[in-house]
Amino acid sequence: MKHWIIVIFAIFLLYLHQRASASKFWFLGRVLPLAGIAAMIYQLLFAKIQFSMENMIAYVVFFIVTLLLWFAGRYEYIQKELKRMKARDIY
């Protein structure tokens, strides 16, 4: 049951990340990747956790997914703005 709660929370965080990336305030979408970097630095410096290949792959996948969602959100926002500008030009 604990794993399902973590999965649901992660999906919710990724949804919020994508929505924040698609907003006017694009920098809000950078919070999740920066939090991931902070967590990795904390684990390396303070928690004294040995980094294995599994951990590195998990961090790389996390960064790739969050960056792809950020780019998709920015693209969505730009398309919405272009549509709004075209609508203004018609009238």
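As shown above, the structure is provided for reference.
As the structure is a prediction and not an experimental result, all values here were calculated from the model.

### Details of a nonpolar patch on the surface
Residues Leu34, Ile37, Ile41, Tyr42, Leu44, Leu45 and Phe46 make up a contiguous nonpolar surface patch of roughly 720 Å² in combined accessible area. Among the secondary structure elements, Ile37 is positioned in helix α2 (residues 31-45).

### Notes on the pattern of salt bridges
Summed over all chains, the structure comprises two salt bridges. Linking Glu76 and Arg19 is a salt bridge whose minimum nitrogen-to-oxygen distance equals 2.9 Å. Here the residue Glu76 occupies a position in helix α3 (residues 53-90), and Arg19 occupies one in helix α1 (residues 2-21), the gap between them amounting to 57 residues. With its nearest N and O atoms 2.7 Å apart, the salt bridge here joins Arg84 to Glu81. With Arg84 and Glu81 both in helix α3, this residue pair falls three residues apart, about one helical turn. On the accessibility criterion, Glu81 (22% relative accessible area) is partly exposed.

### Regarding the packing of α2 against α3
Axis separation between α2 and α3 bottoms out at 9 Å; the angle between their running directions is 165 degrees. Judged by the inter-axis angle, α2 sits roughly antiparallel to α3. Of the two possible hands of crossing, α2 and α3 adopt the one that is left-handed. Judged by residue contacts, Leu32, Pro33, Gly36, Ile37, Ala39, Met40 and Gln43 of α2 engage Tyr59, Phe62, Phe63 and Thr66 from α3. Here the contact of α2 with α3 is composed, by residue class, of eight nonpolar, three polar and no charged.

### A closer look at the environment of Ile37
The exposure class assigned to Ile37 is partly exposed, which follows from its relative accessible area of 35%. Along the backbone, Ile37 and Thr66 are 29 residues apart, and their C-alpha atoms lie at a distance of 12 Å.

### Quick look at α3
Taking 1.5 Å per residue, 38 residues should reach 56 Å; α3 reaches 56 Å between its end C-alpha atoms and fits that length. Every buried residue belonging to α3 is among Tyr59, Phe63, Thr66, Trp70, Gly73, Arg74 and Tyr77, and all of these are buried.

### So, the packing of aromatic side chains
A full pass over the atoms with the stated rule returns five aromatic pairs. Taken together, a centroid distance of 5.9 Å and an interplanar angle of 40 degrees make the contact between Tyr42 and Phe46 tilted. Assessed through its relative accessible area of 48%, Tyr42 is described here as partly exposed. Of the aromatic side chains, those joined through ring pairs into one cluster are Tyr59, Phe62 and Phe63. One cation-aromatic arrangement involves Arg30 over Trp70; the distance from NZ or CZ to the ring centre is 3.9 Å.

Conventions adopted
- Residues numbered from 1 in each chain as written.
- Predicted model: local features only at pLDDT ≥ 70, side-chain atom pairs only at ≥ 80, totals over all residues.
- Heavy atoms only, no water.
- Patch = residues over 30% accessible without salt bridge, like charges linked within 9 Å, V, L, I, M, F, W, Y side chains within 5 Å.
- Areas by Shrake-Rupley, 256 points an atom, 1.4 Å probe, with all protein chains shown as cover.
- Salt bridge = Lys/Arg side-chain N within 4 Å of Asp/Glu carboxyl O.
- Helix = DSSP H or I, 4+ residues; strand = E, 2+ residues; numbered from the N terminus.
- Buried < 20%, exposed > 50% of the residue type's maximum accessible area, 1.4 Å probe, protein only.
- Axes fitted to C-alpha atoms, helices over the stretch in contact; angles between N-to-C directions.
- Parallel < 35°, antiparallel > 145°, perpendicular 65-115°, else oblique.
- Left-handed = near helix turned anticlockwise from the far one by under 90°.
- Contact = heavy atoms within 4.5 Å.
- Nonpolar A, V, L, I, M, F, W, Y, C, P; charged D, E, K, R; others polar.
- Expected span 1.5 Å × (residues − 1).
- Phe/Tyr/Trp six-rings, centres within 6.5 Å; stacked < 30°, edge-to-face > 60°.
- Lys NZ or Arg CZ within 6 Å of the ring centre and 35° of its normal.

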